[in-house]
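Tertiary structure, described
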Amino acid sequence: MEQILIETVEKRGLKGLLGFFQKNPLSDASLMAICDTLGKVGTQESVKVLTKLEKSAKDPLLPKVKEALKKIGARPITTKQQK
């Protein structure tokens, strides 16, 4: 599930150089829901994409991204996540 959410954010949530021309961008509400979920189940893989999202996010999304990163950072890294 985490990988699907990460791919969704990478394809439709991140604004690249041509972000204005991005097809079918996700709404802020959808991105907030994904951030909530990644905050609950995310690993270090989620941290990478959330960090990218944090750089391009604005209110009201930015607090959700930071909260998700904080939740993931507060969890101990398991052996599976270290690989």
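In this report, we go over the structure that sits alongside the text. (Residues numbered from 1 in each chain as written. Predicted model: local features only at pLDDT ≥ 70, side-chain atom pairs only at ≥ 80, totals over all residues. Heavy atoms only, no water.)

**Re the overall build of the chain**
From N to C terminus, the chain includes five helices and zero strands. Moving toward the C terminus, one meets the helices and strands of the chain in the order α-α-α-α-α. Looking at the chain as a whole, 33% of its 83 residues qualify as buried. Nonlocal contacts in the chain, meaning residues at least 24 apart in sequence, comprise 63% of its contacts between residues at least 6 apart. As displayed, the chain has an accessible area near 5,800 Å², and 58% of this comes from carbon and sulfur atoms. (Helix = DSSP H or I, 4+ residues; strand = E, 2+ residues; numbered from the N terminus. Buried < 20%, exposed > 50% of the residue type's maximum accessible area, 1.4 Å probe, protein only. Contact = heavy atoms within 4.5 Å. Areas by Shrake-Rupley, 256 points an atom, 1.4 Å probe, with all protein chains shown as cover.)

**Structural notes on the pattern of salt bridges**
The tally for this structure, following the rule as stated, stands at three salt bridges. Across the pair Lys64 and Asp36 runs a salt bridge whose closest N-O atoms are separated by 3.4 Å. Remark: Asp36 occurs in helix H2 (residues 28–41) and Lys64 occurs in helix H4 (residues 61–74); sequence separation between them is 28 residues. Since its relative accessible area comes to 26%, Asp36 is described here as partly exposed. With its nearest N and O atoms 3.3 Å apart, the salt bridge here joins Lys71 to Glu67. Highlighted residues: Lys71 and Glu67, both in helix H4, separated by four residues, approximately one helical turn. (Salt bridge = Lys/Arg side-chain N within 4 Å of Asp/Glu carboxyl O.)

**Digging into the nonpolar core**
Within the largest apolar cluster, 19 residues are counted, with the highest numbers of intra-cluster contacts made by Val9, Ile34, Cys35, Leu50, Leu53, Leu61 and Val65. Looking at this core, the elements that each hand over two or more residues are helix H1 (2–12), H2, helix H3 (44–56) and H4. Sequence-distant contacts of Cys35, defined by excluding residues within four places in its chain, comprise Leu50, Leu53, Leu61, Lys64, Val65 and Ala68. (Core = buried A, V, L, I, M, F, W, Y, C linked by side-chain atoms within 4.5 Å.)

**Some points on the environment of Val47**
Inspection of the secondary structure assignment puts Val47 in helix H3. Distance in space between the C-alpha atoms of Val47 and Ile6 is 9.7 Å, their sequence separation being 41 residues. Sequence-distant contacts of Val47, defined by excluding residues within four places in its chain, comprise Leu69 and Ile72.

**Observations concerning unusual backbone geometry**
For the bond from Asp59 to Pro60, the omega torsion is 5 degrees, close enough to zero to count as cis. Tracing the backbone through its elements, the reader meets Pro60 in the loop between H3 and H4.

The values reported here are purely geometric and, on their own, carry no functional implication.
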